[in-house]
Amino acid sequence: MTQNAYPPLRLWIAGEWIDRGDRDDQAVINPATGVELGRLPHAGADDLDRALAAAAEAFKRWSTTSPVARSTVLRRTAALIREDRETLAGLISLELGKPLAEARGETETAAEMFEWAAEEGRRAYGRIIPERTPGYRMMAIPEPVGPVAAISGWNAPAITPSRKIAGALAAGCSIIIKPSEGTPATALFLARALETAGLPAGVLSMVFGNPAAIADQLLRSPVIRMVTFTGSTVVGKQLAALATQSMKRMVFELGGHAPALVFPDVDVDAVAKAAVATKFRNSGQVCTSPTRFYVHESIHDRFVETFTRLAGELRLGDPLDAATGMGPVQNARRLDALEALVEDARAHGASVATGGQRRHGDGFFFPPTVLTNVGPQCRVANEEPFGPMAMITPFASIDEAIEQANRLPLGLASYLFSHDLRVVDRCSREIQCGNVIINHWKVSFPETPFGGVEDSGIGLEGGVEGLQAFQQLKFVSQAAQ
Ligand code: NAD
């Protein structure tokens, strides 16, 4: 895909594709060049009112459509994503800066999200509860929770909207989604695929604009019964406060600052090599990206040496070039944030083993960065860097490693490398987070539950739980006469 093939950007409301007209708009920027890709129209209050009315109306029909028919639409969507995966991958690379091979992987995961939801929606079983008195029946029956408002970020621009849309639709909910303004064409591709697959008008609306104003209008509306949000902890907490006022169901997938604990019985070079591949995937802009490496003191120096060398060898460049190891970060704000974290760490005595400064010139490039001697007073030790930045710290004992892992109120993912069963067992019990990954790096699959604890969020996506999140269990009790 070239810059020229970037599609016109629209809103998708109540079954209509809406051009800019006299609406406000904003530029969408190619992070690899800094050049404008297109102009994105902003939804106004009237647009949102129409989306809300359509969601309320469509909910009546979609919630009573048979799960088998809903499943057919979701399966077709998965097939359409696969058929045109090169276009979708190209859009992801252009808007996000993710290397094409990684973007292709994302298209497949997005398709799998729709497939999983298509299957799971057909298995939305309830429960018959043994009655206390003969002649009675007691049942717990799952029902779709109602129209959903979804807000998602830019770092997994196909996967995150797919997961939310597929789960909501499989459960029988209508949904209004506001994906990130940074990656709109990727999201609009999904809306188009759903339309082509036969999704009735109004069941899905996709809007962009002023995020706070859109969230305010959707979350205050009595039409919306659930909010599902993926993004930063700061914004998540603001939205949770708003959603609570009208007691909406909430799923919040928020920030992380994942610890990776490396114990001395592992193949140090092999773990360091795989760690580099994971850490700098998507330029480190992954909520589960390992950021805080705690390495046993007996292997620490070797680990730092291998990790730093391999990180420094990663080739930074055009995400559409097959030789590129790492693309740009998604926006200029990330460059400023990353540089500020390095400056602060240096001021507090940390060392920069590699990287540390933006690459000047076109695009938003920040090299793989490794920090050592990072004390707890450094901002980066406490704030998610959300970029190509890792810090490596030695530990002496398992107690210290677990204490460090649990030091922050964030608890999304953690990684553990050891073949000692006692170490593995203790760490996996005592580390407080939603996902503990042992001796590998893959956190999330369509069929597995995914979520964080504490400031990393509320509720789960994926797995059986990803469907249940969009359902309300109704208790029905019936006497024979
Ligand atoms: P962000 O919170 O800035 O934006 C996320 C979404 O919220 C976007 O659609 C944005 O337009 C919208 N938004 C921004 N300000 C808003 C406001 N005041 N009111 C309403 N909506 C608003 O986050 P981001 O920069 O897009 O993403 C980075 C963060 O997301 C990181 O913290 C990362 O860890 C987290 N994240 C979490 C998960 C997860 O599953 N736990 C997945 C991906 C990203």
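Residues numbered from 1 in each chain as written. Predicted model: local features only at pLDDT ≥ 70, side-chain atom pairs only at ≥ 80, totals over all residues. Heavy atoms only, no water.

1. Here we look at the site of the ligand
- Taken together, 28 residues surround the ligand, and among them Ser152, Lys178, Ser232, Leu254 and Glu384 come closest.
- One of the side-chain N or O atoms of Lys178 is found 2.9 Å from an oxygen atom in the ligand.
- Between the ligand and the protein, one listed contact pairs an oxygen atom with a side-chain N or O atom of Glu181 at 3.3 Å.
- Protein coverage of the free-state accessible area of the ligand, which is 830 Å², stands at 85%.
- Elements represented by at least two residues in the shell around the ligand include exactly helix H7 (211-220), strand S10 (226-230) and helix H8 (233-245).
- Tallied by class, the residues present in the shell around the ligand amount to 14 nonpolar, 10 polar and 4 charged. (Near = heavy atom within 4 Å. Polar contact = N/O pair within 3.5 Å; in protein donor to acceptor, adjacent residues only side chain to side chain. Areas by Shrake-Rupley, 256 points an atom, 1.4 Å probe, with all protein chains shown as cover. Helix = DSSP H or I, 4+ residues; strand = E, 2+ residues; numbered from the N terminus. Nonpolar A, V, L, I, M, F, W, Y, C, P; charged D, E, K, R; others polar.)

2. Quick look at the sheet that holds strand S13 (residues 290-296)
- Taken together, the 7 strands give an open sheet; going across it, the order is S14-S15-S16-S13-S12-S18-S19, and neighbouring strands pair in mixed fashion. Among the strands making up the open sheet, the edge pair consists of strand S14 (351-354) and strand S19 (435-438). Along the sheet, successive strands turn relative to each other by an average axial angle of 25°, direction set aside.
- Here strand S12 (residues 258-262) runs beside S13; their pairing, made up of 5 bridges, is parallel. When the bridges of S13 are listed, Ala260 appears paired with Phe293.
- Sheet contacts for helix H11 (residues 332-347): S14, strand S15 (369-372) and strand S16 (389-395); angle to S16, the most-contacted strand, approximately 30°.
- Where helix H12 (residues 398-405) meets the sheet, it contacts S12, S13 and S16, and its direction lies at approximately 170° from that of S13. (Pairing = 2+ DSSP bridges. Axes fitted to C-alpha atoms, helices over the stretch in contact; angles between N-to-C directions. Contact = heavy atoms within 4.5 Å.)

3. Quick word on the pattern of salt bridges
- Scanning the model with the defined rule gives 31 salt bridges in all.
- Between Asp25 and Arg39 there is a salt bridge, and its shortest N-O distance comes to 3.1 Å. Taken together, the positions of Asp25 in strand S3 (residues 25-29) and Arg39 in strand S4 (residues 36-41) put the pair 14 residues apart, joining distant regions of the chain.
- With relative accessibility at 22%, the residue Asp25 sits in the partly exposed group.
- Its relative accessible area of 39% is what places Arg39 among the partly exposed residues.
- A salt bridge links Arg85 to Glu86; the shortest N-O distance between them is 3.7 Å. (Salt bridge = Lys/Arg side-chain N within 4 Å of Asp/Glu carboxyl O. Buried < 20%, exposed > 50% of the residue type's maximum accessible area, 1.4 Å probe, protein only.)

4. With respect to H8
- The end-to-end C-alpha distance of H8, which contains 13 residues, comes to 19 Å, matching closely the 18 Å that a straight helix rising 1.5 Å per residue would cover.
- Those residues of H8 lying buried are Thr233, Gly236, Leu239, Ala240, Leu242 and Ala243.
- Of the surrounding elements, those touching the buried residues of H8 are strand S7 (148-151), H7, S10, strand S11 (249-253) and strand S17 (410-411).
- A positive phi of about 50° marks Met247, the residue just after H8. (Expected span 1.5 Å × (residues − 1).)

5. Remarks on the pairing of S4
- Pairing geometry for S3 and S4, over 5 bridges, is antiparallel. Across the sheet, Ala27 pairs through a bridge with Arg39, a residue of S4.
- Counting the residues that bridge the hairpin from S3 to S4 gives 6 residues, and of these Gly34 lies at a positive phi of roughly 80°.

6. Focus: the sheet that holds strand S22 (residues 471-479)
- Spatial ordering of the open sheet is given by S5-S6-S22, a layout of 3 strands whose pairing is antiparallel. Pairing within the sheet leaves two strands with one partner each, and these edge strands are strand S5 (127-129) and S22. Between one strand axis and the next, the sheet turns by 25° as a mean value, whatever way the strands run.
- Two elements, strand S6 (residues 136-144) and S22, share 9 bridges in a ladder whose sense is antiparallel. Bridge assignment links Tyr136 to a residue of S22, and that residue is Ala479.

7. What to know about the packing of helix H2 (residues 67-83) against helix H4 (residues 100-121)
- Axis separation between H2 and H4 bottoms out at 8 Å; the angle between their running directions is 170°. By the angle between their axes, H2 is roughly antiparallel relative to H4. When you trace H2 past H4, the crossing you get is left-handed. For the pair formed by H2 and H4, the contact residues are Pro67, Ser71, Leu74, Arg75, Thr77, Ala78, Ile81 and Arg82 on the first element and Thr107, Glu108, Ala110, Ala111, Glu112, Phe114, Glu115, Ala117, Ala118, Glu119 and Gly121 on the second.
- Partitioned by chemical class, the residues of the contact of H2 with H4 number 9 nonpolar, 4 polar and 6 charged. (Parallel < 35°, antiparallel > 145°, perpendicular 65-115°, else oblique. Left-handed = near helix turned anticlockwise from the far one by under 90°.)

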